[in-house]
2 protein chains.
Amino acid sequence: MTITEVSEKYGISVDTLRYYEKAGIIPRVTRNKSGIRNYQEEDLQWVQLAIWMRRAGLPIDALAKYVKLNLAGEDTLPQRVELLKTQRLDLERQRQEIGEAMTILDRKIQKYEERLKNNT
Amino acid sequence: MTITEVSEKYGISVDTLRYYEKAGIIPRVTRNKSGIRNYQEEDLQWVQLAIWMRRAGLPIDALAKYVKLNLAGEDTLPQRVELLKTQRLDLERQRQEIGEAMTILDRKIQKYEERLKNNT
DNA sequence: TGTTGACATGGAGTACACTTCAGGGATTAC
DNA sequence: GTAATCCCTGAAGTGTACTCCATGTCAACA
């Protein structure tokens, strides 16, 4: 699969795909002899993971660290778990804060709509 | 209330407080004759709102627009509601994406822990 | 009256995550 | 064979949200 095809499949720019690779949140993608990327199933799984995690807001450097641990072999299993758990906690906290903000927005919206109704 | 006191009360730097004001997500704070900020109850409410919304990830420019509409008077009620609803939708979507990422993280963590158990 | 310390402003600097660009190969279409 | 198209890399540029800095004012205290 070419980089353009991957780009279209996941709705992400080719520049971003190359950037993700350079940043280390996707391991080096399989290439042909002339150096052109040819994404294999495994590459695509990394792409997918990177995109999901970035959409949720996980920082590049945490993801890069995770990828590096993966490439470093089986000894790094405990560190990988710890890293994932830390990131999970951050997501949990962020979700909480979004929930609180939504409650406040809802209250404001409701008040405004009451005022609008009474003003007709 | 001085800017330092507000900073301590909300756990945010004085630089950020001044920046928020300059960026327009807090209306111009009450000052004494020599130009020093003296936060009143109303100012504090704006500060609180700005901090909550920023923590949830609402962009500066959306908040600035909301503040501007507020200062522009009663005619802007419908636009304010619309703006708040748009931002609410964005938060909803973001919360959704965080939820999905958490599910994936959970699956990975679980797999790792099984592998770790079988490796002892 | 001189020094200290909190606060002011405008502007430069930083961190993060892309995004764009310049300059070059390799393939394909004619 | 050459023009068009797709891809490559390294480096510079951009947008967002702060964060830091130089310089200056002002009130209070020794």
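See the structure printed just above.
The structure contained in this document is the topic of the report that follows.

What counts, and at which threshold
Residues numbered from 1 in each chain as written. Chains lettered and ligands numbered in written order. Predicted model: local features only at pLDDT ≥ 70, side-chain atom pairs only at ≥ 80, totals over all residues. Heavy atoms only, no water. Core = buried A, V, L, I, M, F, W, Y, C linked by side-chain atoms within 4.5 Å. Buried < 20%, exposed > 50% of the residue type's maximum accessible area, 1.4 Å probe, protein only. Contact = heavy atoms within 4.5 Å. Axes fitted to C-alpha atoms, helices over the stretch in contact; angles between N-to-C directions. Helix = DSSP H or I, 4+ residues; strand = E, 2+ residues; numbered from the N terminus. Parallel < 35°, antiparallel > 145°, perpendicular 65-115°, else oblique. Left-handed = near helix turned anticlockwise from the far one by under 90°. Nonpolar A, V, L, I, M, F, W, Y, C, P; charged D, E, K, R; others polar. Least-squares fit on C-alpha atoms with pLDDT ≥ 70 in both. Near = heavy atom within 4 Å. Polar contact = N/O pair within 3.5 Å; in protein donor to acceptor, adjacent residues only side chain to side chain.

1. Some details on the nonpolar core
If you look at the biggest cluster of nonpolar residues, it comprises 72 residues, and the most contacted ones within it are A:Ile26 and B:Ile26. Beyond its immediate sequence surroundings of up to four residues, A:Ile26 is in contact with A:Leu17, A:Tyr20, A:Glu21, A:Trp46, A:Val47, A:Ala50 and A:Val67.

2. Things to note about the packing of helix H3 (residues 41-56) of chain A against helix H4 (residues 60-71) of chain A
Angle between the axes and distance between the axes: these two values describe a pair of packed helices. Residue and element names in this part refer to chain A. For the pair H3 and H4, interaxial distance at closest approach is 10 Å and the crossing angle is 150°. Looking at the two axes, H3 sits roughly antiparallel to H4. Note on packing geometry: the crossing formed by H3 with H4 is right-handed. In this structure, H3 contributes Trp 46, Leu 49, Ala 50, Met 53 and Arg 54 to the contact, and H4 contributes Ile 60, Leu 63, Tyr 66, Val 67 and Asn 70. Split into classes, the residues belonging to the contact of H3 with H4 amount to 8 nonpolar, 1 polar and 1 charged.

3. Here's the deal with the relation of the copies chain B and chain A
Of the transformation placing chain B onto chain A, the axial shift is 0.0 Å and the rotation is 180°, giving an RMSD of 0.1 Å. Read as a symmetry element, the transformation amounts to a two-fold axis. Looking at the rotation axis and the C-alpha trace of chain B, the residue lying nearest is B:Arg95, at 2.9 Å. Both copies contact each other with a shared surface, as 100% of the interface residues of chain B are interface residues in chain A too.

4. As for the protein's contact with DNA strand D
Close to DNA strand D lie 17 residues, the nearest being A:Thr4, A:Arg18, A:Arg31, A:Arg37 and B:Arg54. Within the side chain of A:Thr2, a nitrogen or oxygen atom sits 3.5 Å from a phosphate oxygen of DNA strand D. Within the side chain of A:Arg18, one N or O atom sits 2.4 Å away from a phosphate oxygen of DNA strand D. Of all the secondary-structure elements, those providing two or more residues to the surface near DNA strand D are helix H1 (3-10) and helix H2 (14-23) of chain A together with helix H2 (14-23) of chain B. The residue inventory of the surface near DNA strand D, partitioned by class, reads 6 nonpolar, 5 polar and 6 charged.

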